[in-house]
Amino acid sequence: VTITTRQLVSHLSGIRHYEKDITKVKEEKEKANRALKLTKSHPDKEQKAKEGKGTENTDCVKQKKEHDSETRSRNSKPGRNDKEFEQEEYYLKEKFESVIESLKIFKNDPLFFKPGDQFLYSTYGFTLLSAVVERASGQKFTDYMLKMFRDLDMLSTVLDDNEAMIYNRARCYIYNKKGRLVNAPYVDNSYKWAGGGFLSSVGDLLKFGNALLYSYQAGQFQNKDGKLLPGYLKPSTVAMMWTPVPKTEVSWDRDGKYAMAWAVVEKNQQYGCCRQQRHYASHTGGAVGASSVLLILPEELDPEAVGTRPVAPPRGVIVTIICNMQSVSLNSTALKIAREFDKEKRAQ
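Treat the numbers as computed from the prediction; the structure is a model and nothing was measured.

S.K.: Run through the overall build of the protein chain, naming residues and quoting values.
M.R.: Scanning the protein chain for helices and strands turns up 11 helices and 9 strands. Each of the 348 residues in the protein chain was classed as buried or not, and the buried ones make up 45%. Of the contacts formed within the protein chain by residues at least 6 apart in sequence, a portion of 68% connects residues at least 24 apart. By element, 52% of the accessible surface of the protein chain is carried by carbon and sulfur atoms, the whole surface being about 19,000 Å².

Have a look at this one:
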């Protein structure tokens, strides 16, 4: 078969995630689909059930599995049995010298489906993608990424290398089976640098979000006297990254579809004076002992006013949350924060 980089970045490759048993994966997807249908049919019933259990009220479908940093985060409840983090490969301790070497973990495993036919979130798909970057650039993937982080002024974003002395590195925590808070176990992330192997800070992730939003909007502003610098990426590139891909799905946001390494919700309003759906892009993260989210809510620009607007891009709200606790659901919280700030900006 042929697997393209676009399929890898949109999780349509057929490469497995941490679960090796395709039967279990299908069962989980069927459960998730049933839960989604139930949610749409009985939203009030689901709301009461959530309130009765004392769990967080979110727009997510809780029954659907959420993934690694690369993935879907779940609500953290003391003593909760989180099957996602029961997968042994989350806790690998082997150190790999290169991303090419780490391909041995899954390279001989069968594909779960024909590439392009279905969606399956795959950390290993991004491991293969990092190998493509390494071969195409002629550099080690980690060196390539660190140079990019420097260009973006993300000086606090580094490899999650256990041996390195990293200033202000947080300690990570999990709940054990008895519901007690304990230190997260030691893992070596060298087998998945691209999917969940970097450490960052809230400030750096905001810089990353601003760089993307600036690039996305730069083409909409008139460049008077060459004062407006180009974005790090072309506007068309970011627009492509934030365009939903057919046959994809997102567990942490029922309104969203997967695009290219981002979950995207499109602008939509079906009826007058009714619910308006804003355009935004987001991604959650969940590794051993940590959870995160980055959400970008672009400002809806008036084409006629853009040319005369005194303020240059980026225009919008960016929210990022990093939590040194495993399995914490953060996407709905980030969206609520973004909407509050957006509401405040509109009122000014």
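S.K.: Any details on the nonpolar core? Residues and values, ideally.
M.R.: With 39 residues, the main nonpolar core has Tyr124, Leu212, Trp242, Trp262 and Ile296 as its most contacted residues. Of all the elements, helix α5 (residues 123-137) adds the most residues to this core, at 4 residues. Looking at this core, you find at least three residues from each of domain 1 (1-35 + 80-158 + 188-196) and domain 2 (200-347). Ignoring sequence-local partners within four residues, the contact set of Tyr124 consists of Ile15, Arg16, His17, Tyr18, Glu89, Ile105, Phe106 and Tyr191. Within the second largest apolar cluster, 14 residues are counted, among which are Val265, Val293, Leu297 and Leu335.

S.K.: Could you give me a rundown of the environment of Lys257, with the residues and numbers involved?
M.R.: In this structure, Lys257 sits in strand β5 (residues 257-258). Here the alpha-carbon distance between Lys257 and Pro244, two residues 13 residues apart in the chain, equals 5.5 Å. Residues within four places of Lys257 in sequence aside, it is in contact with Pro244, Thr248, Val250, Trp262, Ala263 and Val264.

S.K.: How would you explain the pattern of salt bridges if you had to name every residue and give the values?
M.R.: In this structure the tally under the stated criterion is 17 salt bridges. Note that Glu299 is salt-bridged to Arg315, the shortest N-O span being 3.4 Å. Taken together, the residues Glu299 in the loop between β8 (290-298) and α10 (303-306) and Arg315 in the loop between α10 and β9 (316-323) connect sequence positions 16 residues apart. Residue Glu299 shares its accessibility class with Arg315, and that shared class is buried.

S.K.: Explain the pairing of strand β7 (residues 280-287) to me, using residue names and the numbers behind them.
M.R.: Most of β7 is tucked away: 8 of the 8 residues are buried. Residues Tyr280, Ser282, Thr284 and Gly286 point to one face of β7 and Ala281, His283, Gly285 and Ala287 to the other, with burial holding for every one of them. Inspection of the sheet shows strand β6 (residues 263-265) paired to β7 by 3 bridges, in the antiparallel sense. Looking at the pairing, Ala263 lines up with Ser282 of β7. Here β7 folds back onto β8, and the loop between the two strands holds 2 residues, one of which, Gly289, carries a positive phi near 85°.

S.K.: Kindly report on the side chain of Gln7, identifying the contributing residues and their values.
M.R.: Looking at the secondary structure, you find Gln7 in helix α1 (residues 5-9). According to the relative accessible area criterion, Gln7 is buried, its value standing at 16%. Apart from the residues within four sequence positions on either side, Gln7 is in contact with Thr2, Leu12, Ser13, Pro115 and Gly116.

S.K.: Please give an account of a positive patch on the surface that cites residues and values.
M.R.: A contiguous patch of positive charge on the surface is contributed by Lys24, Lys31, Arg34 and Lys83. On the basis of relative accessible area, Lys24 is assigned to the partly exposed category, the value being 45%.

S.K.: Provide a residue-level description of helix α11 (residues 331-347), including the pertinent values.
M.R.: Look at α11: 24 Å from first C-alpha to last across 17 residues, which is about the 24 Å you get at 1.5 Å a residue. Restricting attention to buried positions, one finds in α11 the residues Asn331, Ser332, Ala334, Leu335, Ala338 and Asp342. Taken around the axis of α11, the buried residues stretch over an arc of 150°, which confines them to a single face. Of the residues in α11, the exposed ones pointing more than 90 degrees away from the buried face are Phe341, Lys343 and Ala347. Of the surrounding elements, those touching the buried residues of α11 are β7, β8 and β9.

S.K.: Residue-level account of the packing of aromatic side chains, with values.
M.R.: What characterises a pair of aromatic rings is the spacing of the ring centres plus the angle enclosed by the ring planes. Following the criterion strictly, the structure yields 12 aromatic pairs and no others. Between Tyr124 and Tyr191, the ring centres sit 6.4 Å apart and the planes meet at 50°, which makes this aromatic pair tilted. Placement of Tyr124 in helix α5 and of Tyr191 in the loop between β3 (181-183) and α7 (193-196) is noted, with a sequence separation of 67 residues between them. Tyr191 carries the same exposure label as Tyr124, and that label is buried. Among the aromatic residues, those joined into a cluster by ring pairs are Tyr18, Phe85, Tyr90, Tyr91, Phe106, Tyr124 and Tyr191.

S.K.: Would you mind going over the sheet that holds β6 in detail, with residue names and values included?
M.R.: The antiparallel open sheet is built from 5 strands, whose spatial order is β5-β6-β7-β8-β9. Where the open sheet ends on each side, the last strands, each with one partner, are β5 and β9. On the sheet, helix α8 (residues 202-218) packs against β8 and β9 and is oriented at approximately 150° with respect to β9. Along the sheet, α11 contacts β7, β8 and β9; its crossing angle with β9, the most-contacted strand, is approximately 150°.

Conventions we followed
Residues numbered from 1 in each chain as written. Predicted model: local features only at pLDDT ≥ 70, side-chain atom pairs only at ≥ 80, totals over all residues. Heavy atoms only, no water. Helix = DSSP H or I, 4+ residues; strand = E, 2+ residues; numbered from the N terminus. Buried < 20%, exposed > 50% of the residue type's maximum accessible area, 1.4 Å probe, protein only. Contact = heavy atoms within 4.5 Å. Areas by Shrake-Rupley, 256 points an atom, 1.4 Å probe, with all protein chains shown as cover. Core = buried A, V, L, I, M, F, W, Y, C linked by side-chain atoms within 4.5 Å. Domains from an automatic or database assignment. Salt bridge = Lys/Arg side-chain N within 4 Å of Asp/Glu carboxyl O. Pairing = 2+ DSSP bridges. Patch = residues over 30% accessible without salt bridge, like charges linked within 9 Å, V, L, I, M, F, W, Y side chains within 5 Å. Lys, Arg positive; Asp, Glu negative; His and termini not counted. Charge placed at Lys NZ, Arg CZ, Asp CG, Glu CD. Expected span 1.5 Å × (residues − 1). Arc of directions from axis to C-beta. Phe/Tyr/Trp six-rings, centres within 6.5 Å; stacked < 30°, edge-to-face > 60°. Axes fitted to C-alpha atoms, helices over the stretch in contact; angles between N-to-C directions.

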